[in-house]
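As a plain string of letters, each chain reads:
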Amino acid sequence: MPHTETPGTGAAPRTRLRWWTELPLIVLVYACYSAGRLLVRGDVTDAVDHGLAILRVEKALHLNAEHPLNRLFTREAWLGVPADFWYASLHYLVTPLVLIWIFRSRAVHYRAARTWLMTSTFIGLIGFTLLPTCPPRLLDAGHGFVDTMAYYSSYGWWGGEASAPRGLGGMTNQYAAMPSLHVGWSLWCGVLLWRYGRTRTAKAAGVLYPLVTTVVVMGTANHYFLDAVAGAAVMGTGLLLTPYVLRAADRGRTAVAAWSVTRTAPVTRAPGGAGAPVVSGGCQTSPGERFPRQREERSPAPAGPDASPADAGDGAPAPAR
């Protein structure tokens, strides 16, 4: 039965994973994710309608924390500028660093952690496809939001188009707001830091990082509160699906290995090109079978004074008495 892992188990993987195979895999998955975001930009009108619908639901549920946070970040540059740096940078830095840390110091848990992250990311891409959503900062100014990334753009490398560097705004999908993978990835980092970190600092960072990220995405007007909730739900779904993805990967690896062995196995042939050995010109016998009247050939035993007729061989005269 193939060996599988689930998040949090202590079972070692069947084979040791190598960085030179893991790195291309991760780069390929992220490239597919980025390309997918660009290809599913969706209709702007639908995205605005979805954003306004989320805002109405939040107001009805008294969950509208975006407005007060956004006003605070806009009024106080000492909060707004670091928040913009946080939003534009940390998910590119912290997520890979945590992945490398797990790979190097918690290798037994790495495969499950990596699969959880990748599975959740692809689920998020499905969300971007089915529900393109206009973030608060792109709504009409009458809704009361300020794009802090554009407001403080002179402080950083980003322009007025999300967290993309200046001049590269066209390389990102600004309507991929639901779910918030900034929050989802930070939650992934937080769970791993809390569970596998050995110091109080690591565990504290595991709690603070996703909480601060949630505040930042709302205060910078990049996401709604429900986007953050959806990001956490995506990570939870990915965690539940991870054991099944691992088992499917193991079955696929086993099938490919079996096919490869079958294709490369040498074919044993008899000398002269015959496909199978031939016994007695076409007559094959099972081991130990004798032809009719066949006798065993034995070397004659030396006759001694006590030899019996049976010992002397067939047809030998009996000794005189």
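Residues numbered from 1 in each chain as written. Predicted model: local features only at pLDDT ≥ 70, side-chain atom pairs only at ≥ 80, totals over all residues. Heavy atoms only, no water.

Peer 1: Explain the packing of aromatic side chains to me, using residue names and the numbers behind them.
Peer 2: Taken as a whole and judged by the stated rule, the model has four aromatic pairs. Here the aromatic rings of Phe103 and Tyr110 are separated by 5.0 Å at their centres, their planes lie at 80°, and the arrangement is edge-to-face. Between Tyr152 and Tyr155 the ring centres are 5.9 Å apart and the planes differ by 75°, which places this aromatic pair in the edge-to-face class. In this structure, Lys203 is placed above the aromatic ring of Trp194, and the distance from its NZ or CZ to the ring centre is 5.2 Å. (Phe/Tyr/Trp six-rings, centres within 6.5 Å; stacked < 30°, edge-to-face > 60°. Lys NZ or Arg CZ within 6 Å of the ring centre and 35° of its normal.)

Peer 1: If you had to explain the nonpolar core to someone new, which residues and values would you point to?
Peer 2: Looking at soluble globular proteins, one finds that nonpolar side chains tend to be buried together. Counting residues in each nonpolar core, the largest one holds 20 residues, and the members touching the most others are Val98, Ile102, Trp188, Cys189 and Leu192. Excluding its chain neighbours within four sequence positions, the residues that come into contact with Leu192 are Val98, Trp101, Ile102, Ala113, Trp116 and Gly197. (Core = buried A, V, L, I, M, F, W, Y, C linked by side-chain atoms within 4.5 Å. Buried < 20%, exposed > 50% of the residue type's maximum accessible area, 1.4 Å probe, protein only. Contact = heavy atoms within 4.5 Å.)

Peer 1: Hey, could you go over the pattern of salt bridges for me, with residue numbers and the actual values?
Peer 2: All chains considered together, the criterion is met by three salt bridges. Linking Arg75 and Glu76 is a salt bridge whose minimum nitrogen-to-oxygen distance equals 3.8 Å. One salt bridge in this structure joins Asp250 and Arg111, with 2.8 Å as the shortest N-O distance. Of the two residues, Asp250 sits in helix α9 (residues 225-264) while Arg111 sits in helix α5 (residues 107-130), which places them 139 residues apart along the sequence. Comparing Asp250 with Arg111 shows no difference in burial state: the two are buried. (Salt bridge = Lys/Arg side-chain N within 4 Å of Asp/Glu carboxyl O. Helix = DSSP H or I, 4+ residues; strand = E, 2+ residues; numbered from the N terminus.)

Peer 1: Talk me through the environment of Trp116; I want residue IDs and the actual numbers.
Peer 2: Tracing the sequence through the fold places Trp116 in helix α5. We classify Trp116 as buried; its relative accessible area is 5%. In contact with Trp116, not counting residues within four places along its chain, are Trp188, Val191, Leu192, Met235, Gly238, Leu239 and Thr242.

Peer 1: Got a sec to walk through the environment of Tyr152? Specific residues and values, please.
Peer 2: Note on placement: Tyr152 falls in the loop between α6 (148-151) and α7 (181-196). Using a relative accessible area of 4% as the deciding quantity, one classes Tyr152 as buried. Note: C-alpha distance between Tyr152 and Phe85 (67 residues apart in sequence) is 10.0 Å.

Peer 1: I'd like a description of the packing of helix α2 (residues 44-60) against α9, backed by residues and values.
Peer 2: It is at 9 Å that the axes of α2 and α9 come closest, and there the two elements cross at 95°. Classified by the angle their axes make, α2 and α9 are roughly perpendicular. Along the contact surface, α2 presents Ile54, Val57 and Glu58, while α9 presents Phe225, Leu226 and Asp227. Grouping the amino acids of the contact of α2 with α9 by side-chain chemistry returns four nonpolar, no polar and two charged. (Axes fitted to C-alpha atoms, helices over the stretch in contact; angles between N-to-C directions. Parallel < 35°, antiparallel > 145°, perpendicular 65-115°, else oblique. Nonpolar A, V, L, I, M, F, W, Y, C, P; charged D, E, K, R; others polar.)

Peer 1: Any chance you could break down α9 for me, citing the residues and the numbers?
Peer 2: With 40 residues, α9 should reach 58 Å at 1.5 Å per residue; the first-to-last C-alpha distance of 56 Å fits that figure. At Leu241, α9 shows its maximal kink, close to 40°; a proline, Pro243, follows between one and four residues later. Within the span of α9, buried status applies to Asp227, Ala228, Ala230, Gly231, Val234, Met235, Gly238, Thr242, Pro243, Leu246 and Asp250. Where α9 is buried, its residues meet α2, α5, α7 and α8 (200-219). (Expected span 1.5 Å × (residues − 1). Bend = angle between axes of the 7 residues up to and from the residue.)

Peer 1: Describe in detail the packing of helix α3 (residues 66-75) against helix α4 (residues 77-105), supporting the description with residues and values.
Peer 2: Their axes nearest at 5 Å, the elements α3 and α4 cross at an angle of 105°. Classified by the angle between their axes, α3 and α4 sit roughly perpendicular to one another. Residues Leu72, Phe73 and Arg75 of α3 touch α4, and the partners they reach there are Ala77, Leu79, Gly80 and Ala83. Each residue belonging to the contact of α3 with α4 can be placed in one class, and the counts come to five nonpolar, one polar and one charged.

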